[in-house]
Amino acid sequence: MYLVLLGPPGAGKGSQAELITREFGYPHISTGDIFRAAVKQESVLGIKAKQYMEQGLLVPDDLTNAMVADRLGAEDARKNFLLDGFPRTLDQAAFLDDYLEKTGRSLSLVFDIEATDDIIVKRLSGRRVCSCCSAIYHLENMPPKINGCCNACSGTLIQRSDDQPETIKERIKVYRKQTEPLKSYYARKGILRELDGGKPVEEVYACLRQFLVAPGA
Ligand code: ADP
Ligand code: AMP
């Protein structure tokens, strides 16, 4: 299966990706995670991406597309992949279609996980992530067993620097303007499946997995 998770920041893409990967073993490819790792390493890509990320803006398409092409060329992405946070512009979507066609693949399904702006703000303000394994928590909805400590690897939980009120507002604006049009792009192709991300994590996942076990549903 070649899957994409679409939806505003904080809708729960990463949380659903953790569950899909745990059950189905598809490699989880989060462009946000790849960029954050590059920023941490202070690589050329990281230095370029950082200025956009800290403002809540999208990293330019040419940089992002090249990075994704490189990742999708890896052996583990040949039979299955789960893209989280890519594509985010129509140019990226067209690039992905072209790239997959050239390598004999095409997208199977695109899950649009929706959430209102109010929910997004609450989710992102309370989000904490593991600095070692990137596991996702929430201070109220999904607290770790030990305060500040990852259940899975005991790593330290941190708040992402872009999960601050002003940056959150900008990221929502960017999503509505640049990414939301992808919904009709994929609806026209007949591969869009819409999910209510406002429901609890397990309920969202129960709906999503129906489409994976019975793709024609
Ligand atoms: P995204 O990858 O779309 O930015 P995340 O999966 O990181 O979103 O989730 C954002 C925050 O909301 C996290 O703190 C996560 O624990 C929490 N969260 C995710 N899905 C739900 C849900 N369905 N109900 C309540 N909280 C959720
Ligand atoms: P995320 O972890 O998906 O919330 O992404 C964090 C940040 O990384 C975004 O706000 C962007 O600055 C950048 N980013 C992630 N994915 C993309 C993408 N597909 N296109 C451009 N920028 C991206």
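Before reading on, note that the structure itself is shown above.
Notes on the structure in this doc start here. (Residues numbered from 1 in each chain as written. Chains lettered and ligands numbered in written order. Predicted model: local features only at pLDDT ≥ 70, side-chain atom pairs only at ≥ 80, totals over all residues. Heavy atoms only, no water.)

Turning to the overall build of the protein chain, a few remarks are in order. Summing up its helical and strand segments, the protein chain has nine helices and eight strands in all. Taking 2.2 N^0.38 as the reference for a compact globule, 217 residues should give roughly 17 Å; the C-alpha atoms of the protein chain span a radius of gyration of 16 Å, in line with that estimate. Overall size of the protein chain, expressed as C-alpha extent along the three principal axes, is 45 × 40 × 35 Å. By the burial criterion, 47% of the 217 residues in the protein chain qualify as buried. Here the contacts in the protein chain between residues at least 6 apart in sequence split such that 72% fall between residues at least 24 apart. In the structure as shown, the protein chain presents an accessible area of about 11,000 Å², 53% of it carried by carbon and sulfur atoms. Positive and negative side-chain charges in the protein chain, numbering 29 and 29 respectively, have mean positions lying 2 Å apart. (Helix = DSSP H or I, 4+ residues; strand = E, 2+ residues; numbered from the N terminus. Rg over C-alpha atoms; globule rule 2.2 N^0.38 Å. Buried < 20%, exposed > 50% of the residue type's maximum accessible area, 1.4 Å probe, protein only. Contact = heavy atoms within 4.5 Å. Areas by Shrake-Rupley, 256 points an atom, 1.4 Å probe, with all protein chains shown as cover. Lys, Arg positive; Asp, Glu negative; His and termini not counted. Charge placed at Lys NZ, Arg CZ, Asp CG, Glu CD.)

The next point concerns the packing of aromatic side chains. In this structure the tally under the stated criterion is five aromatic pairs. Relative to Tyr99, the ring of Phe95 has its centre 6.3 Å away and its plane inclined at 15 degrees; by these criteria the two rings are stacked. With a gap of four residues between them, Phe95 and Tyr99 both fall in helix H5 (residues 90-102), about one helical turn apart. Measuring from centroid to centroid gives 5.9 Å for Phe111 and Phe211, while their planes differ by 50 degrees, and the two rings are tilted. Linking Phe111 in strand E4 (residues 109-114) with Phe211 in helix H9 (residues 201-213), this pair joins segments that are 100 residues apart in sequence. Exposure remark for Phe211: the relative accessible area of 16% places this residue in the buried category. Lying over the aromatic face of Tyr2, Arg105 brings its terminal NZ or CZ to 6.0 Å of the ring centre. (Phe/Tyr/Trp six-rings, centres within 6.5 Å; stacked < 30°, edge-to-face > 60°. Lys NZ or Arg CZ within 6 Å of the ring centre and 35° of its normal.)

Turning next to helix H6 (residues 117-126). The set of residues buried in H6 consists of Ile120, Arg123, Leu124 and Gly126. If you follow the buried residues of H6, they end up packed against strand E5 (127-130), strand E6 (136-138) and helix H7 (165-179).

Our next topic: unusual backbone geometry. With omega at 0 degrees, the peptide bond leading from Phe86 into Pro87 counts as cis. You will see that Glu42, though not glycine, has its phi angle at about 55 degrees, which is positive. Tracing the sequence through the fold places Glu42 in the loop between helix H2 (31-41) and helix H3 (44-53). Its identity as a non-glycine residue notwithstanding, Ser134 has a phi of 70 degrees, on the positive side. Assignment of secondary structure puts Ser134 in the loop between E5 and E6. Ser134 gets classed as partly exposed once you look at its relative accessible area, which sits at 36%.

Moving on to the environment of Asp163. Among the secondary structure elements, Asp163 is positioned in the loop between strand E7 (157-158) and H7. The class for Asp163 is buried, based on a relative accessible area of 2%. In this structure the C-alpha to C-alpha distance between Asp163 and Gly10, which are 153 residues apart in sequence, comes to 9.5 Å. Look past the residues within four positions of Asp163 in its chain and what remains in contact with it is Leu124, Arg127, Ile168 and Arg171. Within the structure, the side chain of Asp163 is placed 2.9 Å from the side chain of Arg171, a separation counted as a polar contact. (Polar contact = N/O pair within 3.5 Å; in protein donor to acceptor, adjacent residues only side chain to side chain.)

Near ligand 1 you find 19 residues, and of these Gly14, Ser15, Arg127, Tyr137 and Lys199 are the closest. A distance of 2.8 Å is found between an oxygen atom of ligand 1 and a backbone nitrogen or oxygen belonging to Gly14. Take Asn141: an N or O atom from its side chain is 2.9 Å from a nitrogen atom of ligand 1. Protein coverage of the free-state accessible area of ligand 1, which is 560 Å², stands at 93%. Elements that contribute at least two residues to the shell around ligand 1 include exactly helix H1 (13-24) and E6. A per-class count over the shell around ligand 1 returns eight nonpolar, seven polar and four charged. (Near = heavy atom within 4 Å. Nonpolar A, V, L, I, M, F, W, Y, C, P; charged D, E, K, R; others polar.)

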